[in-house]
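If you want the building blocks of each chain, they are given just below.
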Amino acid sequence: MPKRAPSLPEIGLKTNVNKVTAGTKEIPNIWLRDNCQCTACVHDDTKQRLLDTFSIPKNIAISNCSETEEAINIQWSDGHESQYSKEFLEDAANTFEERAIVRQGITNLELWGSEIVENPPRVRYSETGDTQSLVTDLLTRIRKFGFCYVLDAPATPEATEQILRSIAFIRETHYGGFYDFTADLASKDTAYTNIALEAHTDTTYFSDPAGLQAFHLLEHSGGEGGASLLVDGFKVAADLLAEDPEAYGILASTNVHSHASGNEGIYIQPYRGFPVFQHDPATGIPLQVRWNSSDRAGVELPIDQVEGWYDAARKWDALLKQEENEYWAKLEPGKILVFDNWRVLHGRSAFTGKRRICGGYINRDDWISRFKVGYFGKDRILERLATG
Ligand SMILES: C[N+](C)(C)CCCC[C@H](N)C(=O)O
Ligand SMILES: O=C(O)CCC(=O)C(=O)O
């Protein structure tokens with residue numbers, strides 16, 4: 001569990017002016033009143049605000065207040081009574097980084113390169129059917145490393161789907177929901193061929209790219225090749241930032257468009273362009289790598305200025321293709337690969353023969369939600385909603 005900030009602000013009351021303070025910060029009455037957690041202000045089941053925020057008088061004041069070791073009790077000038085735990089108030093006064101931890105489900109990231117082949121993150125499927133602890137272990141490793149294997153899984157689409165659905169519902173796309181594909185161009189996308197695919201993230205053409213992606217190789221017969229490639233996009237982005245901050249800045253600030261246009265009647269593009277690298281503006285924490293050269297459409301620059309973007313992208317591409325950043329592995333029946341498509345790029349070598357893979361996409365918000373419940377617990381999540 002992340003440690004609470006060591007220097008927590010002293011929570012107290014300035015009774016002479018009837019203000020709640022957290023260290024040197026005065027907590028505005030309107031925020032306090034609006035975030036009363038009583039069951040008249042917050043629906044006990046749905047956790048939604050019942051209070052009409054703007055029915056609170058702009059000059060709401062503290063009529064009476066008392067402080068205990070753990071909490072602050074307030075009688076408001078509108079007659080309402082509220083109680084706030086000091087931990088709740090500490091959270092409100094904390095740094096953006098601290099407040100983001102529970103909201104975004106943040107753990108310490110383990111960046112990796114090709115050396116991960118020595119000890120890749122993995123969990124073991126157990127016949128016990130206790131998928132809840134399996135899922136928490138699986139997602140904790142994915143949150144930390146960006147990917148994890150599920151070993152000893154039944155080599156069936158059914159078992160694969162069941163494991164994915166124990167995380168969250170599978171995302172329906174124009175490829176269907178749970179996918180089971182071979183090189184037959186059943187969908188007009190190069191994934192459904194046997195050519196090599198360089199490291200990329202999927203669904204850059206969706207406004208909200210798939211969060212998790214899973215591959216379970218069920219069969220590869222009568223041929224060779226088809227090795228799987230993983231690259232830690234956050235690690236390589238950090239390397240680019242260190243080596244060429246200008247190139248990094250161009251890729252982090254230039255919007256790029258993408259498309260999926262191979263299937264009859266389907267011409268998908270996101271509602272806006274997105275940069276290759278995205279961070280949380282409040283904390284600088286890396287959020288997403290969006291990279292797919294095959295599906296790239298326009299670069300959102302005046303045409304006579306795009307060369308700088310290409311120069312920066314060439315440097316990024318070269319780093320992605322450095323052996324030290326490439327983790328190659330042969331997937332096999334019973335070994336399910338699940339990875340964070342917002343961080344880890346994937347690819348494959350060309351292959352011959354019949355090769356069949358099943359798996360699914362899960363939305364970012366849905367898998368992070370499931371991770372948070374297992375890692376932080378419901379109570380901690382709920383108590384941080386107003387202050388995150
Ligand atoms: C088979 N499966 C549905 C996983 C992939 C479909 C193709 C994904 C596409 N090439 C992209 O990069 O988004
Ligand atoms: O066939 C594979 O191993 C990967 C295919 C792929 O990159 C994809 O489906 O996005």
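Check the entry above for the structure.
The structure displayed is predicted, hence computed values, not measured ones.

### Considering the site of ligand 2
- Residues in close proximity to ligand 2 include Phe181, Ala191, Leu197, His200, Asp202, Gln213, Phe215, His346, Arg348, Arg355 and Ile357, which together make up its full environment.
- One nitrogen or oxygen atom from the side chain of His346 is found 3.0 Å from an oxygen atom belonging to ligand 2.
- Side-chain polar atom of Arg348 to an oxygen atom of ligand 2: 2.8 Å apart, as the coordinates give it.
- Within the complex, the protein chains bury 94% of what would otherwise be the 300 Å² of accessible surface of ligand 2.

### As for the site of ligand 1
- Around ligand 1, a shell composed of 14 residues is seen, among which Asp189, Asp202, Thr203, Tyr205 and Asn292 lie nearest.
- Here an oxygen atom of ligand 1 and a side-chain polar atom of Asp202 are 3.0 Å apart.
- A distance of 2.9 Å separates an oxygen atom of ligand 1 from a polar side-chain atom of Asn292.
- If ligand 1 stood free it would expose 380 Å²; the protein chains cover 97% of that surface.
- Of the residues belonging to the shell around ligand 1, the class tally is seven nonpolar, four polar and three charged.

### So, the pairing of strand 19 (residues 344-348)
- Counting buried positions along strand 19 yields five of five residues, so the element is predominantly enclosed.
- The alternating pattern of strand 19 places Val344, His346 and Arg348 on one face and Leu345 and Gly347 on the opposite face, and all of these are buried.
- For strand 10 (residues 197-200) and strand 19, the ladder comprises two bridges, and the chain directions are antiparallel. In the sheet register, His200 faces strand 19, and the bridge partner there is His346.
- Pairing geometry for strand 12 (residues 228-232) and strand 19, over five bridges, is antiparallel. The partner of Leu230 across the bridge, within strand 19, is His346.

Conventions used here
Residues numbered from 1 in each chain as written. Chains lettered and ligands numbered in written order. Predicted model: local features only at pLDDT ≥ 70, side-chain atom pairs only at ≥ 80, totals over all residues. Heavy atoms only, no water. Near = heavy atom within 4 Å. Polar contact = N/O pair within 3.5 Å; in protein donor to acceptor, adjacent residues only side chain to side chain. Areas by Shrake-Rupley, 256 points an atom, 1.4 Å probe, with all protein chains shown as cover. Nonpolar A, V, L, I, M, F, W, Y, C, P; charged D, E, K, R; others polar. Buried < 20%, exposed > 50% of the residue type's maximum accessible area, 1.4 Å probe, protein only. Helix = DSSP H or I, 4+ residues; strand = E, 2+ residues; numbered from the N terminus. Pairing = 2+ DSSP bridges.

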